[in-house]
Each structure stands twice: as C-alpha cells, then as structure tokens.
Amino acid sequence: MLTKFETKSNRVKGLSFHNKRPWILASLHSGVIQLWDYRVGTLIDRFDEHDGPVRGVHFHNSQPLFVSGGDDYKIKVWNYKQHRCLFTLLGHLDYIRTVQFHHEYPWIVSASDDQTIRIWNWQSRTCISVLTGHNHYVMCALFHPKEDLVVSASLDQTVRVWDIGALRKKTVSPADDILRLSQMNTDFFGGVDAVVKYVLEGHDRGVNWASFHPTLPLIVSGADDRQVKIWRMNDTKAWEVDTLRGHMNNVSCVLFHARQDIIVSNSEDKSIRVWDSTKRTGLQTFRREHDRFWILVCHPEMNLLAAGHDSGVIVFKLERERPAFSVSGDCLYYVKDRFLRFYEYSTQKETQVIPIRRPGSTSLNQGPKTLSYSPTENAVLISSDLEGGSYELYIIPKDSFGRGDSVQEAKRGLGGSAVFVARNRFAVLEKSSNQVLVKNLKNEIVKKSALPVPTDAIFYAGTGNLLCRAEDRVVIFDLQQRIILGDLQTSFVRYVVWSNDMENVALLSKHSVVIADKKLVHRCTLHETIRVKSGAWDDNGVFIYTTLTHIKYCLPNGDSGIIKTLDVPVYITKIVGNTIFCLDRDGKNRPIIIDSTEYVFKLCLMRERLEQVMTMIRKSDLCGQAMIAYLQQKGFPEVALHLVKDERTRFNLALESGNIQIAVASAKEINEKDHWYKLGVEALRQGNAGIVEYAYQRTKNFERLSFLYLITGNLDKLAKMLKIAEVNNDVMGQFHNALYLGNVQERVKILESAGHLPLAYITASVHGLHDVAERLAAELGDKVPPLPKKRPASLLMPQPPIVCGGDWPLLMVTKGILEAGLDNIGKSSQEEYMDASEADWGEDLDLVDVENIQNGDISLVLDDEEIHEENDGGWDLEDLELPPDLDTPKTSNARSSVFIAPAAGMPVSQIWVQKSSLAAEHAAAGNFDTAMRLLTRQLGIRNFAPLKSLFIDLHTGSHTYLRAFSSSPVISLAIEKGWSEAASPNVRSPPSLVFSFTQLEEKLKAGYKATTAGKFTEALRLFQGILHTIPLIVVDTRREVDEVKELIIIVKEYVLGLQIELKRRETKDNPVRQQELAAYFTHCNLQLPHLRLALLNAMTVCYKAKNLNTAANFARRLLETNPSAENQAKTARQVLQAAERNMNDASQLNYDFRNPFVVCGATYVPIYRGQKDVSCPYCSSRFVPSQEGQICTVCDLAIVGSDASGLLCCPSQTR
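Residues numbered from 1 in each chain as written. Predicted model: local features only at pLDDT ≥ 70, side-chain atom pairs only at ≥ 80, totals over all residues. Heavy atoms only, no water.

### Quick word on the packing of aromatic side chains
Put simply, the rule reads: Between the rings of Phe, Tyr and Trp (Trp by its six-membered ring), a pair exists once the centres lie within 6.5 Å; its type follows the angle of the planes, with under 30 degrees stacked, over 60 edge-to-face, and the other angles tilted. Accessibility here uses a 1.4 Å probe with only protein chains present; expressed as a share of the type maximum, an area under 20% marks a residue as buried, one over 50% as exposed, and anything in between as partly exposed. Strands here are runs of E lasting at least two residues and helices are runs of H or I lasting at least four, both read from the DSSP assignment and numbered beginning at the N terminus. Charge over a ring is defined by NZ of Lys or CZ of Arg lying within 6 Å of the ring centre and within 35 degrees of the ring normal.
Counted by the stated rule, this structure contains 33 aromatic pairs. Arranged with centres 6.1 Å apart and planes meeting at 75°, the rings of F420 and F426 form a pair that is edge-to-face. Of the two residues, F420 and F426, both sit in the buried class. Ring centres 5.9 Å apart and planes at 25° place the aromatic pair F1114 and Y1151 in the stacked group. Taken together, the residues span a long stretch of sequence, with F1114 in helix 29 (residues 1108-1120) and Y1151 in the loop between helix 30 (1126-1141) and strand 58 (1157-1159) at a distance of 37 residues. Neither residue differs from the other here; F1114 and Y1151 are each classed as buried. Linked through ring pairs, W23, F47, F59, F66, W78 and Y80 together constitute an aromatic cluster. Lying over the aromatic face of W294, K13 brings its terminal NZ or CZ to 3.8 Å of the ring centre. Here the basic side chain of R322 rests over the ring of Y495, its NZ or CZ set 3.7 Å away from the ring centre.

Encoded structure:
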C-alpha cells in the first residue's frame, strides 16, 4: 500500500472522490462533512448542517454538487462553489445509510433503515420512486455504472437487484397519445417503476455492502458473516460464484477495482484485504492497530482508493505507476506491459524488444522498480521488490529489435537494488550484511565491498562509483579505492538524476529537490508542497523537474519557477532544446513543447551574459510583475526599466538604478509632491545640485532650498529666499535665511517685528548696532535685559563654502550594455527638464515686488492668490537668474565610451603586508591579525594583551595624518623608511618604525641603574618592557640579530632574578623559603656589581637564620669576586671565621650549590641537571614539566613548551 494522504478526525462513515479535482469528501459520525485536497493535504471546506452522523455522501460527476444523507432522516444537496446547502429532500422515516447520484439522469438513490430505497429527481426535488421489499435496514443502494439496475444490501441477509428500466422510460417523454394514456393510468392507479430482478440469498447474517463490477455482469457483497461473496448474473437469473474468507469481523464495504482484476474489502477487524478476483485468493492485507474500517471508495478516473476508519481517512494506491526506465544517448529503454521497450528520441518511434516474464506473484507491487542499461554490452538489469528485493539480467540479442518475440531466460539474483557500475560489471546491494557485490555478466561475484554507511539503496555515480542512500544522508563510494568521495546530509532520497557531463546531481525526495556537485558539495535546496515526481538536466545546466501538477525549473543558484501546468503526472526522461520527453503512467512517450524564455533569461542574468539579455528583452514578451520583482531583488533594476511602461514603477526603478534622467522624466509625468521629494533625495546623493534645486522648486520646499543654497555657497539666491519668506510672512524662514546670510540688521528687524524686543535689543547691542539698541532700550524702559559680561562678542557668520555651486565631478566611465540600451530613452527625457534652471516661480509662488514692503504690510498685496504690482523697481521671481553653469541641470552622465575609470592603486600598507614576514611591519600596516599569527608561529606568543598598546603605537607611528578641508575626512599617509624625493613612486620602502634597538639599549641601562638603587619594581617594569618590545623591532644586519638574541637572554635573567627577590620580600613568615629564594637569586646570570649585592644579601639572610655553612659558601663566592667595597669584603671574612667554629646549618634548605641547576620561572624551585624540564620558545626560561601549556611567567607572552620557528627581526633572515 502506498499511502498518499491521511487525515485525523472523528469516525468517517462516507467518502466520495471528485472525478476531476484532487478532492475527497468525508462525512463524519459527528455530523460534519469535510472537503479535503488530498494532493496538497489541506482542508478546503467543512459543511455542518446535519444533526447527527452523516453516513452517505457523493459528488456529482459534472455539476458543482454533492449529496449527503444522515441520521436526521434528511437528504441534502449542496453546491460546493457557493458553500451552501441548496435544498433538503424529506421522505425517509429512519437513518439514511447511502446516497448516490446517477451518472446520467438527474436522480439520487438513497437507502434507509426504514427498509426502503428511494429514487429522487434532484431537479424537480421530488421522490420519483420508492423501492420496497427488504424487511430489515437497507444498508446500501447503488446504481449500475451503465445499465438500468440498482443493487441493494440489507440486514435481512439478502442482496437485491432492481430493474429501473420502466422508470427511465417514464422520464423520457412518450411519443404518441396511446403511450401517454397508459402513462396517465399508471400515474393514477400506481404503476410499478422498479421491480426486483434478483434476490441473492447466501449470506448467513446481515449484508452491509453490495456493488457492481464496472464492466462485467458481476456483483460483490460483504456481510456480518465475515464473508465476501461474488455473484454472477445474466438476463434471467443470478447465482453465487465463490466466497472469499479471511476477515475476522463484519465486512463493512467491498468493491471491484476499476483497473485491475482485484477485489478490495475492508472490515471492522481493522484491516483492508486485497483479493485476486480471477483466482479468488487473498493477495495482501493492510492492518491498522486501533481503527475499524467503515467505508471504501475507488477513484473514478485514477488509480486511487480511499478508506474511512474510526479516526480519519486514508487515501492510497495499491501499486506504483512509475514505469522503470533508463536513458542512454538518443534512446530510452523502459518496461511496459511485461515487455522491455525501446524508444528513439530523434525519430520518436518505439519498438518492443523482449518479453519480460514475471513469475506468478502472490502479492502486489512486484513490478519492475528500476532499470539499468549497459550500452556497450546491450545488457539490461531490472530490479523489483519481489522476494524482498531481486534483479533480472537480460542480454538483448542484436537481431531481436522490432520483433519482441524471442523469449530468453534471465539471470536472476536477490539484492536490494542493482546497477551497472562499468561496461560489464554491475553492483548488487546485499542489505543483510550491508555490502555491495560486484558481478560480471555471467552473474558471478567478482568482488565484495563493505559499505561505509547503513545503506538501503544504491545508485550509479560514474564508472566505478556508487551513490549510497542511508536514512538521512547520501555518500559517493569509490568501489576501487573503497573510500568516500562525497557526503551530504539530506532528507530521504527517492531518485537521483545526474547531468550529462556528470558534474552535477539532483537528489529528489518526496517534497524537495537538492542540487549538488559531483563531490556532493551542496548547491541549493528547493522545497515543494506537492510531491516531486521526476527530473532531468537541460543543455544549459538548468534542472527541470515535475511535481504532480507542474513542470518547474531550478537554476544553479536556487531560483525556481513554473514552466507549465500538467493535467496528469508525467515522468521526464530527457530534454532536447524546448522539448521535454516524458513517460506517462500508461507507459506512453509524450513530447511536451515548453517555452524556456523565462529561465534562459534568468540564467543569462546570473551568468552576466548581457548581450543575450538585451537580445531577449528586444525580442520576447517577458514583462510581468513577477519578472520585475525578480530583477529588482537580484540587483538589476536597470534591466527592469526596459520592461516597464507604468511611470510610477519606472520612477522607482530609475531611482534604484541611479538613472536620474529617466527619474526626472517620470516625475514630470506623475507630478506628485512625494515623487519630487524622492527625486531630490537621490539627486542630492549623486551631488546633482541642479536637479535637487529643480525638485525643491517644484514642491515649494523653501527650507531645504535655503539650506541647499547655503551649502553650495549661492548667497545671491539665498538673499532672494529671504525676500520670498518675507512675502509669504514666514517669520521663521526669514530668520533662518538672515542667519544663513549673516545679516544682523535683518535679524534685529525680524525680532522687533515679531515682538521679541529683549532679543532684538541683545542682538543689536552684541553686534555693535548702538543707535538701534538705544532706540529699543527707550522702548523697553525698565525691562532692558542685562548683557552677559566678560564674554567677547563675535559675529555669527556662515563658513565660506569650499566649492561654490555646481554638480559634483563624476568619473567618466564606459557605458555598460544595459545603460547603452537605455540611451534612446534618456535622450528624449533629457529635454524634459531643461527648464529646471529657468523655473519661473512667478506663477507657482505668486510673488510681487517685495523690495520696500514692511513685514506688516504683506496683507496688502495678497489678494485671491493674485499679486498686483504696486510700484516700479519691485522684483519678481523671474529675477532669479541662475549662474551660467546652472542653466541646464544636466546629469553628469558620460555619453562617450572612451573614458575608463582609473583602477584604484594598492595602498602602501597593503604592499608592506605582501612583501614582509616581519610581525612589526604587519602591525605598522594595521594588519594586527596577521601580525599576531606571525608572532604565534615564530615565537609561540599567545598572550597579546601586553602588546596591544605597542601595536597601536607602531600603526599610528608609521602613519601621518593630513587635514584637507574642514568638511572632508582626514587623509592618512604611510611613512616609509629612508624616503627621498628622488625615489621612484612605484618602489615602496618598508615602514618607518617607532621602536629601535638603540632605544632598548637605553632602557637596559635604566634597568641596571634601578637595580643598583634597589628599585626592584621599577627595574622589573623596564626589563619586561624590553622583552615585550623585542618581537616588534626590526634591525638591518645579521650581527644586530645576534645582539638582539643576546639581549633577550640578559633581560630574561634579570626578570627572573628580580621576580625571585620580590617574592622573597613577600614571604616574611617563612624563613626557610626566604633563604632558598635568596640563594636562587645568586644563581641568576647578573652583572658583577649586582651579583655581589645578591651574594651579600643571601649571606646576611642565612647567617641571621643560623645556617652558617650555607652563609660561608656565599661569603667565599663573594670574596672570589674581589669586591671593591672594603666593608663587603670585611663582612664576608667575619662570617667565614664565625662559620669555621661551627660548620652547621640550623635548618635544611632545598639548595645544593655543588649540583648545577637552573631555577623554574614559575614555581621558583631548582631544576638540577638531568631532571626533565620545558622551556619558553621566546625567552628560553626553563620550567618544571607541569607548567607546559601555561603562559610563561617571565616574558608573559609565549606558551611554555610550544613549537616556534624562532625570532625574525631582520629582512635578510627571510631571503
């Protein structure tokens, strides 16, 4: 059973398929009727006017109607388009069990528990016949599909066949008067319209269902005695043919399959059984765990069945309908009607090749599933599910083409799936051991290979390779090398389709298509709501696939679309140009011609073949909202412009592609405020001041216009804007314009006229207009505001603009094909805004002479929006003459195609990075991440926190910064080492670095000095600073490199010694540890003066702790250094004398001066010669093995024990 659709609902009592649409009606025990689309799996509608269970439901075969009958004794006829019940037929006196439309006449037959069958005319809405005779509930009544018969089944244990020929004659209008007279008699005295033809007795219990065979004179019935009976009838009698036993409970429904010689029945024993109607044996049983079955229906056109049970509906198929096929070059091999057939694409002829003998199978779905063909050997492998998976190998004789009569014995074998993997080798999957058997054409095993994943199917993947399918992934397995070549996680794959060049593969699942390359690297995934059926690659590398309802395409980037709608499902075999060759479910070859313009156009766009794009735009009709949206989404608004006529869409696309010319033309056509505003914004972004000004003029956007004049430095027009604001009585606009112009008198005048006398007084006073200030002070009297003291007054003037007016300079660039194609459009629109600069504001803004008008007098001149001149010398907006360069605001768009945009040069810092392996030079260039990677590789450094400030100093120190203008960004310049004017600009020197070796020498001396003075913390900071700087210095010679390495060793010894001494000073409560640390300090490689001080210190500590023997050792070492300070020598001698009297140590120390050792940089314990240790790759300090992987405590940079290539600080080291 191949389940196509399942629902979860209340108990289903009635079902009906629509004969054309993918719909099924389900009537429920709850009284609801559901309408489902079983192809998509969605509930379309529900109808719930019945009271109580609805047991019968049926679609009309041509009208948008269905009928239902329920336990409320009502028969309802519904129009599913209008979503309502049209009328109700009343007459039955008990539950209605089934209802059915007649295939030809306007009749409905209904069966009821009132022991009658009624036939109704749904056009006249009357009952035209009542069939009585049963003496128990009538469980079912159905019309014969062709003849004038009705079959009914009843709990009185009988099946009755009724002849309704008289009823049919009665409905046909009688031709002559005699007939009409007899018709009237029967109407008056009650004639018999339907008579019982046969009563079939044989069941021992009540019969639940009976139905006719679609073509043969057979009836099948199912009853509560758990039996299915087959009856045959002729003109005179009917008799029982056979009984099918097997159900364990009441048989609820039974019917003949329309296309195969089988009977399908279902029962309250929770099973559906399939029987062979010729052999009368059981073929297969499908069981549910908890649900009893109640109803079964067969699709009138398609190979589909549906069953209703306690918790829903199941729509299913009994056998696969996909023909097994294989394409090889120009020919197709496929199986149809137990024959292997051959189809040639070029001639479109098909031939029968050889018969394929199928063994008598005892169950369904045993037909050929896959077919594999070897062209050189002319061999065919056919796999099926027979015996749990088996294959047959046929060698096609050369002379058998066209005859198809030679029967040959196939070589058979068991295996999950079988495919050719080479010319004369095929692979068979053995599921039980999860291995592949490679066999030759004699069906002998050549080799075995265990598979790397649990595999349930194998597919061809190139010579010697297999594509193995697991539950959630597919892998490509090389049989020769036994390695995995590719692996991809994917949902359960059903079919695999390789492109002709074997470079790409499509993996088809039930609801998805995955495209990958030959190594199974994922390209894209498409998800479908309707089941995917087949697919093939066309010559352009586009994958064409079919669903149940459509042919679709998938581009390499994952874009997809519909090519054609299908009426019936087909299986694509090959694509040649615009022809798709496919097989339908009947095994017929069908060429389908398609229009590939859409996907070829998108493919050209994707691959940037713009000449083809332009050709297609000119020649084909591509326009449509979907295509325009696609072009916008993919970043080709300029292409979409070619396809659009609507001005609003053109305007938006022109803005998106930056084409100001077309945008202006469209804005002029539309002439709406918000479009002019958008145009202004885009023109401003492009620096096209003329168009910005024109757009602001059209929308009378004075504030923006004033600001535009301010930033472009057009002070003449700014002065005129002030007058316009005055005429319009826009006080705020006047003030702003006065402020932009730096016109103080005007600002005072505006403030005074607006009644802000204190502000006017302060403005006049601050700016030195004393006569005006005095006049205002007199007016204010006592309310004169105090002026701020001790603050020098400065005139608030706008900055002089850097560039006055004009459009931004744009680079001259070559025109692309698409822009060139737009030229003809651009030329016509160029002239459309030629009047931008001559914009006559007079009629728009209604302005007059405003030269001598006071603010208060504006009302005198505004009359019905018409302005009348009052005196000469006034100004009108025609005076707003623009400078010559703004006369025609053309966009800076290059017509010529000779200019090419200069290629951007490579920044100096990038050259530094490319040429150098020195971390310091990468840091100077600002490439901190590569600098850190170099330091990790060379010195094992992982802790970069101490180097952060040094990196920043290097970067900022090797660049200088120039301020060009106040409004432009700061320009950074790289400083090169040893730069001179004579040097070629093409030859770049390394960066000039802020750190040098001489600086480190100075730091070293400062560290020595601090150590001598006993400032150990300060000295430690200096020495660690040297260690942190050394990775970031660059020297010129090999000799200096050796000096740098020597410096690391010197500084490392001092850092370790000072850390030990500082640690000793912290541990005051542990005298033994104090003595040990003092002793270790003397073993650091220090300068002689510092060593003497360390020895003196250790001697003193040990002497005080009564460790005289150890103190004497330090005294001897001190005297061996010939101390210059007499007091040091004297103290040493005294200690020696005291020790000689008593050569004992009061406490035991972890210190043996006779055995050479080094001190661990982290734990400060001795590591004696011969003991294991690890070292820091940078500063070479030594540590106990437990410190491996930790950050070095001496340099605080590198990881102890890590691998490193060594210090690089000179360019000559890398050559």
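### Side note on the environment of K369
Within the secondary structure layout, K369 lies in strand 33 (residues 368-374). In sequence terms K369 and S384 are 15 residues apart; their C-alpha atoms lie 4.9 Å from each other.

### Considerations on the packing of helix 11 (residues 702-712) against helix 12 (residues 715-727)
Rules: Geometry is summarised by axes, namely lines fitted to C-alpha atoms with helices restricted to the contacting stretch, and by angles between N-to-C directions that run from 0 to 180 degrees. For classification, angles of less than 35 degrees are called roughly parallel, those exceeding 145 degrees roughly antiparallel, those between 65 and 115 degrees roughly perpendicular, and all remaining angles oblique. Each helix crossing is assigned a hand: it is left-handed if the near helix lies turned anticlockwise from the far helix by less than a right angle, otherwise right-handed if that turn is clockwise. It only takes one pair of heavy atoms within 4.5 Å for two residues to be counted as in contact. Classes in brief: Ala, Val, Leu, Ile, Met, Phe, Trp, Tyr, Cys and Pro nonpolar; Asp, Glu, Lys and Arg charged; the others, Gly included, polar.
Close contact between helix 11 and helix 12 brings their axes to 9 Å; oriented N to C, the two are set at 155°. The pairing of helix 11 with helix 12 is recorded here as roughly antiparallel in orientation. Every pair of crossing elements has a handedness; the one defined by helix 11 and helix 12 is left-handed. Residues F702, L705, S706, Y709 and L710 of helix 11 form the contact with helix 12, whose participating residues are K717, L718, M721 and I724. Tallied by class, the residues present in the contact of helix 11 with helix 12 amount to 7 nonpolar, 1 polar and 1 charged.

### Some remarks on the sheet that holds strand 37 (residues 418-422)
Quick reminder of the rule: By the convention used here, strands pair only if DSSP detects at least 2 bridges between them.
Strand order in the open sheet formed by 4 strands is 37-38-39-40, with antiparallel pairing between adjacent strands. The outermost strands of the open sheet, each flanked by one partner alone, are strand 37 and strand 40 (445-450). Within this sheet the neighbouring strands show an average axis-to-axis angle of 30°, counted without direction. Across 6 bridges, strand 38 (residues 425-430) lies against strand 39 (residues 435-440) in antiparallel orientation. Each bridged residue has a counterpart across the sheet, and for L429 the counterpart in strand 39 is V436.

### Remarks on a nonpolar patch on the surface
Condition: Note on patches: the residues involved have over 30% relative accessible area and no salt bridge, like charges join within 9 Å, and the nonpolar side chains Val, Leu, Ile, Met, Phe, Trp and Tyr join within 5 Å. Only the protein chains shown count as cover for residues, and all accessible areas are computed by the Shrake-Rupley method using a 1.4 Å probe. Basic side-chain nitrogens of Lys or Arg form a salt bridge, by our definition, when they fall within 4 Å of a carboxyl oxygen of Asp or Glu.
A cluster of nonpolar residues, L962, I971 and L973, forms a patch on the protein surface that exposes about 240 Å² of accessible area. Along the chain, the position of L973 falls in strand 57 (residues 971-974).

### Focus on the side chain of H144
Quick note on the threshold: Pairs of N or O atoms within 3.5 Å make up the polar contacts considered here, provided that, within protein, one atom can donate a hydrogen while the other can accept it, and that residues adjacent in sequence are counted only when both atoms are side-chain atoms.
Its location among the elements puts H144 in the loop between strand 14 (138-143) and strand 15 (149-154). Look at H144 and you get buried, because its relative accessible area is 3%. Reaching out from H144, the side chain makes a polar contact with the backbone nitrogen of E147 at a distance of 3.1 Å. Those residues in contact with H144 that lie beyond four places of it in its chain are H103, L149, F212 and H213.

### Re the pairing of strand 9 (residues 84-89)
Inspection of the sheet shows strand 8 (residues 75-79) paired to strand 9 by 5 bridges, in the antiparallel sense. Its bridge partner lying in strand 9, K76 is registered against T88.

### Side note on helix 10 (residues 689-698)
Among the 10 residues in helix 10, 9 count as buried, and that is most of the element. Phi for K700, located one or two positions after helix 10, is positive at around 55°.

### Some points on the pattern of salt bridges
What the rule picks out here adds up to 36 salt bridges. Residues E1061 and R1065 are paired through a salt bridge, measuring 3.2 Å at the closest nitrogen-oxygen approach. Remark: R1065 and E1061 occur in helix 26 (residues 1038-1066); sequence separation between them is 4 residues, near one turn of the helix. The exposure class assigned to E1061 is buried, which follows from its relative accessible area of 1%. Here the salt bridges share partners, and the residues they tie into one network are E6, R288 and D291.

### Side note on the pairing of strand 37
Counting buried positions along strand 37 gives 4 out of 5 residues, so the element sits mostly inside the fold. When strand 37 meets strand 38, the two strands line up antiparallel, connected through 4 bridges. Looking at the pairing, A422 lines up with R425 of strand 38. Remark: 2 residues form the turn of the hairpin made by strand 37 and strand 38, two consecutive strands paired antiparallel.

### Focus on the sheet that holds strand 43 (residues 473-478)
Taken in spatial order, the 4 strands of this open sheet run 41-42-43-44, and their pairing is antiparallel. Looking along the sheet, the strands with just one partner apiece sit at the ends: strand 41 (457-460) and strand 44 (483-489). Taking each pair of neighbouring strands and ignoring which way they run, the sheet shows an average axis angle of 25°. Here strand 42 (residues 465-469) runs beside strand 43; their pairing, made up of 5 bridges, is antiparallel. Across the sheet, the residue bridging to L467 is I476, located in strand 43.

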